[in-house]
Amino acid sequence: MARRTKEEALATRHRLLDAAELLFQQQGVSSTSLQQIAEHAGATRGAVYWHFKDKADLFHAMLERVTLPLEAARRMGEHPALDPLDVIENAMVTALRQVATDPQVRRVFEVATHKVEYAGETASLQRRHQECRDACVSDFEDALRRAARSAKVKLTVPAPMAAQGLHALISGLIQNWLLDPEAFALVATGRCTFNAYLAGLGFARGSGPKGVEAKAPEYAGHATQ
């Protein structure tokens, strides 16, 4: 009986998070009430407060259910034997393809970037966003420094600036693609602009990465080509 109760509670929690994802995407975080989430999930407002302290706590739990693209990309830096630029490119392609092919990741990333205001009860979300950005930029900076040493290249701008620009390039591509997924091919555009950016930094590269690129099924259309 206790196990069944625990399983039922977990199922309710997931229903609430599923409802929050959909309503946040449709209405925005600030315009969605906990009562609406409860009703959409077929639960009570009391059930919401049983599982979550407030809307910010629920939002954080929603983020924890998925690994957002640039957070996932950081994990690819754990391959020291690979060329640093190949690691960055593989990480970038993984992030772009993840957005284009995984509906839940795409939905949560859209909510986290386009549907939330950093004010009131959700102000703490800005800190998480900043921490993720800073960690990713730091990894990019380290990889660019190592790549420059290996290739005996003098970067055309300081490594910290180059890393910030690279992060802006990738996150900007994702955010603009989410505004209109039919506007351009996300992965193909990412590859092209990435190599153009590296050329501007002084790197000369071949036709593609030598590392192992993460694969995922592709949607119809040109989103991941």
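In what follows, the structure referred to is the one given above.
Now for a description of the structure that goes with this document. (Residues numbered from 1 in each chain as written. Predicted model: local features only at pLDDT ≥ 70, side-chain atom pairs only at ≥ 80, totals over all residues. Heavy atoms only, no water.)

**Let's talk about the overall build of the chain**
Then, in step 1: Looking only at helices and strands, one finds ten helices and zero strands in the chain.
Then, in step 2: Along the chain, helices and strands appear, N-terminal first, in the series α-α-α-α-α-α-α-α-α-α.
Then, in step 3: Expressed as a percentage of the 225 residues in the chain, the buried residues total 44%.
Then, in step 4: Accessible surface, the chain as shown: approximately 11700 Å² in total, 53% of it carbon and sulfur. (Helix = DSSP H or I, 4+ residues; strand = E, 2+ residues; numbered from the N terminus. Buried < 20%, exposed > 50% of the residue type's maximum accessible area, 1.4 Å probe, protein only. Areas by Shrake-Rupley, 256 points an atom, 1.4 Å probe, with all protein chains shown as cover.)

**Re the nonpolar core**
In a soluble, globular protein the nonpolar side chains are often hidden away together inside.
Then, in step 1: Core analysis: the largest hydrophobic core is formed by 33 residues, its most contacted members being Ile88, Leu144, Leu186 and Phe203.
Then, in step 2: Among the elements that line this core, the one with the most residues is helix H9 (residues 159–179), at nine residues. (Core = buried A, V, L, I, M, F, W, Y, C linked by side-chain atoms within 4.5 Å.)

**A short note on the packing of aromatic side chains**
Then, in step 1: Inspection of the entire model under this criterion finds one aromatic pair.
Then, in step 2: Between Phe24 and Phe59 the ring centres are 6.0 Å apart and the planes differ by 35°, which places this aromatic pair in the tilted class. Taken together, the residues Phe24 in helix H1 (residues 2–27) and Phe59 in helix H4 (residues 55–64) connect sequence positions 35 residues apart.
Then, in step 3: Owing to a relative accessible area of 2%, Phe59 belongs among the buried residues under this scheme. (Phe/Tyr/Trp six-rings, centres within 6.5 Å; stacked < 30°, edge-to-face > 60°.)

**Some words on H9**
A turn of α-helix holds 3.6 residues, and therefore any two residues three or four places apart point the same way.
Then, in step 1: Taking 1.5 Å of rise per residue, 21 residues should cover 30 Å, and H9 covers 30 Å from first to last C-alpha, within 8% of that figure.
Then, in step 2: Every buried residue of H9 is listed here: Ala159, Ala162, Ala163, Leu166, His167, Ile170, Ser171, Leu173, Ile174, Trp177 and Leu178. In a view along the axis of H9, the buried residues occupy a sector of 155°, so they form one face of it. Turned more than 90 degrees off the buried face of H9, the exposed positions are Met161 and Leu179. (Expected span 1.5 Å × (residues − 1). Arc of directions from axis to C-beta.)

**Some words on the pattern of salt bridges**
Note that side chains of opposite charge can pair when their charged atoms are close.
Then, in step 1: The tally for this structure, following the rule as stated, stands at eight salt bridges.
Then, in step 2: Measuring nitrogen to oxygen at the nearest pair gives 2.8 Å for the salt bridge that ties Arg128 to Glu64. Of this pair, Arg128 sits in helix H8 (residues 124–151) while Glu64 sits in helix H4, and the two are 64 residues apart along the sequence.
Then, in step 3: For Glu141, the salt bridge goes to Arg145, with nearest N and O atoms at 2.8 Å. Of this pair, Glu141 and Arg145 both sit in helix H8, four residues apart, roughly one helical turn. (Salt bridge = Lys/Arg side-chain N within 4 Å of Asp/Glu carboxyl O.)

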